[in-house]
Each structure stands twice: as C-alpha cells, then as structure tokens.
Amino acid sequence: MFSKETYVSRRTELKKLVKSGIIVLFGNNGSPANFPSNGYHPFRQDSSFLYYFGQNRDGLVGVIDIDNNKETLIGDDISIDDIVWYGTVETMHDMAAQVGVAHTAPMKELTTICLDALRQKRTVHFLPPYRSDIKIQIFDLLGIHPNQQKDSASMPLIQAIVKMRSTKSAEEIEELERAASIGYKMHTTAMKMCRPGITEKQIAGVLDGIANGLGAMVSFPTILSQHGECMHGSPSMDKLQEGRLMLCDAGAETINNYCSDNTRTTPVSGKFDQRQLEIYSIVEECHDYVLTIAKPGVKWWDVHFGVCRLMTERLKEIGLMMGDTDDAVAAGAHAMFMVHGLGHMMGMDVHDMENFDQINVGFDDEVRPNLEQFGTNCLRMGRRLQEGFVVTDEPGIYFIPALIDEWRAKGHCKDFINFDKLETYKDFGGIRLEDDLLITKDGCRFIGKERIPYHPKDVEAFIAR
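Described below are features of the structure shown in this document. (Residues numbered from 1 in each chain as written. Predicted model: local features only at pLDDT ≥ 70, side-chain atom pairs only at ≥ 80, totals over all residues. Heavy atoms only, no water.)

### Remarks on the side chain of Thr312
Relative to the assigned elements, Thr312 resides in helix H12 (residues 300–317). When sequence neighbours within four positions are dropped, the list of residues in contact with Thr312 reads Met321, Thr325, Ala328, Val329 and His334. (Helix = DSSP H or I, 4+ residues; strand = E, 2+ residues; numbered from the N terminus. Contact = heavy atoms within 4.5 Å.)

### So, the side chain of His125
Within the element layout of this structure, His125 appears in strand E7 (residues 124–125). For His125, the side chain forms a polar contact with the side chain of Ser154, separated by 2.7 Å. If near-sequence neighbours (up to four positions away) are discounted, His125 is found in contact with Val18, Ser20, Gly21, Ile22, Ile23, Val24, Ser154 and Leu157. (Polar contact = N/O pair within 3.5 Å; in protein donor to acceptor, adjacent residues only side chain to side chain.)

### Structural notes on the packing of aromatic side chains
Under the criterion given, the structure shown has 10 aromatic pairs. Relative to Tyr280, the ring of Phe272 has its centre 4.6 Å away and its plane inclined at 50°; by these criteria the two rings are tilted. Each of the two residues, Phe272 as well as Tyr280, counts as buried. Taken together through their ring pairs, the aromatic side chains of Phe337, Phe399, Tyr425 and Phe428 make up a single cluster. (Phe/Tyr/Trp six-rings, centres within 6.5 Å; stacked < 30°, edge-to-face > 60°. Buried < 20%, exposed > 50% of the residue type's maximum accessible area, 1.4 Å probe, protein only.)

### A look at helix H6 (residues 132–142)
Considered for burial, the residues of H6 that qualify are Ile134, Gln137, Ile138, Leu141 and Leu142. Viewed end-on, H6 has its buried residues packed into an arc of 100°, placing them on one side of the element. Residues of H6 that are exposed and point over 90 degrees away from its buried face: Ser132, Ile136 and Asp140. On its buried face, H6 sits against strand E1 (22–26), strand E4 (61–65), helix H5 (109–119), E7 and helix H7 (149–152). Of the residues trailing H6, Gly143 is marked for its positive phi of about 75°. (Arc of directions from axis to C-beta.)

Honestly, that's just the spatial picture; any functional story needs more than this.
In structure tokens form, the structure reads like this:
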C-alpha cells in the first residue's frame, strides 16, 4: 500500500475529472473453488478499487459522492467466527483511516445510498463489471440487467480512470521495477532449467513458485511451451526435446499489485541452429528497433507498422516473403508471421485496464482500431505515447501450420508469401522477445535494472554457465 496522501490525491483528481454524481467502485469478492469456504488463493482485488482505495480485503465497495464531497468505504466488519479461522484484521474504521476516507458503512447501506441517488435523479457512475457476483449486485442495486451493464457503465468514469492510470507516477515506476526484478529471477531460472528431458510443467511450476514467494502471484498464467506458435500455450507434461525452442512468456505481480511481463525464447540444445538464428535475429532486430523510435508524441500505431515493415524486409531477404514491402504490409501479409500487435499498456494489470475494453484504453478519437484485418485486429494499442506510459515491446515470428494451410488454400497474400518455402517451416514453432518499456521525456527505456539475456550469443553463454 502507498501512503494515505497518494489515495487522497487520486480520489481528489478523480472527482475533478468526473465532475458530478456518485461513483461506486466495487472491490472483488472471494471466488469459491468448490464450496464457499474453500476459495481460490491468493485473493486478487479489483485494480481500480486498489488504485483509489488501496485495501486488499474482499467484500468492499468505495463510494465517492462528488456533489456532497463525501467518501465512504463500505463493508462489514469481520465476525468472531471469521477471526477464529483467519485471525484478527483491521476494522472498517481503521482501513478507511489508512487511505484517508472519513466515513464507513456496512454493506446494507449501499442499497440506501444507491436508491437515494436514483430518486434524486443523480448519475451513479460504475465500471463495466467482469465478475458474475458483481453483475448480480449491480442488478440488485440499480436494476440494470447484466446483459446491459457494459453499455450502461459510465464513460466519463472510464475516461477519467484511463487518463489517470495510463501515466505512471514515480512510486508506481518503483513498484514496476520490483516486479521486473522478480521477473528477471523467473526468466533466468527458466533459461537455466531448459534442457532435454525436463517437462514444461516442471519449469513453469518453479517459476510460479518464485512469483508467489517474492510477490503476490504471477501476473498472468505462465505460458511455457515448445509450441511457441501457440500464442497462449499452456505448459504441458511434454518433455523438452533436443533441437526445439522453448518459448517462455511469464511475469510477476508485486505485493502492491504491479506487474511485469517478459518473453524469452531459448534453444533446448543450448545453441541456436542456423535456421533458428536467422528467424531469432529478425525478431531481435525488431525488438531493438522499437527502442530507437518510441518516444512521447509518436503513435504506437506507427511503431507497430514500422516493426511490420522491418520484419517484412528481413523475411524477404531469407526468401519467405516477396514483393513490395508497403503493399505487403497494407495487405496484412506480415500477419502470417506476427498475428498479434506489437504491445499493450501495462501497470496494475498485465493488459492494463483491459476490463474497460481496449478501444477505450489503447485508442482515442485520433487513432481508431482496425477490427477487420487479421492480425491488426489484435493490436491493443495505437494512440500517441506520453511520458510515463508503460508499454510492452513484443515482436514475434510464428509458423502456424493450420494458418499456412488456410492461406495457401485460399491464395491469400500469394503475391507476398513464398508458400513453398514456408511449408518447410511447419515444424519450427515460434519466437517472441518481450520487454516492458517506460516512455521517458525524450525517448524510452527498459524497466528492470537487470537485463534478461536475449542477444543470441548472450543467451548461449548464459545457459552454458
């Protein structure tokens, strides 16, 4: 938790941005694994509730009455039955005082607060819910059916929170650096463990343990697979095999709930063969190219397509693509190899504020998404960069057999893709390199004081030690 003053300042700014009405920020409840008292652990609080109210206990709601300048932390004090099992915890009054909130109320009072606001025809601002129990609670409080709640959520509140959370403060950057330090330990451990005969699950289990032991938990389910062509390949019981590549996309979340997100691709044999090195070097060049052009005022859309053009040029040099580069990118031919966007916003959520819909987070009135073109429709961000933004830089090249077959059968982008040569890469897998970038006053820099090895010679030297 940050200082009381941080949360007071954030709520004050939020009130100025939203201007009128009543804001209701729902914290999360526990999620039962198989019956109410056996919940999934660790508990994860809603990020926006954490951002403004700071408390990491379940069953809480924050209410900000802008018109009357009154803030209330709502929730029930823990009963003696709960104390027997879980120990003594702070009272509602103590928790409110820790974050500078003057008033508290039991959960039943939330109904009265909402009904009074509705009777007075005041706007009740709430965020798009993503959990079923909160959807039911909103239905009970406001009479809005769950199917209509996303459309009924407050756009002024969404826009205000996006504006505030997009730009990271100095204390948030320090927390992101702590997450990066945990991520460094996770990824370097995976690289050291990468050898023939060990299972994907063995390595992933160790990484999850590092995240849990040094922070709150993993920032997303660990992706670790020899099938790097699968974007979200879950670790399996398959043993790593000589000559394959292990793609590991993993991150940590600190105790204060800030995230890291890195990807490395490691040769199981300890050295890249020539074909692997050719593809890896293209991804490496694209990854490093971002560092030279990302800065305040530049559209991330342009950074993404700059990488796509560079990747196309290099793939032409090794005979996998052909034709005019600009025409190929305009046609979306590069998406045969990189099916996703270059990166996304990151902070308290690994895909920061994704519950608000990426069109509200990564785009704006100036830069709109292209939801029609394959590959480009997965670009989560395109807006102009600002100092204090944190974005991921994650180019990749993947060889997806089913996609190769489909495009070849349809003749899609046949003027730009050498399908005969591409056929020989169906057993390749995929390569991705990912780091987290902080946009600075004049450019950008990696987050994390320790660099996870990624240049080919550095990778081979590191895993040989």
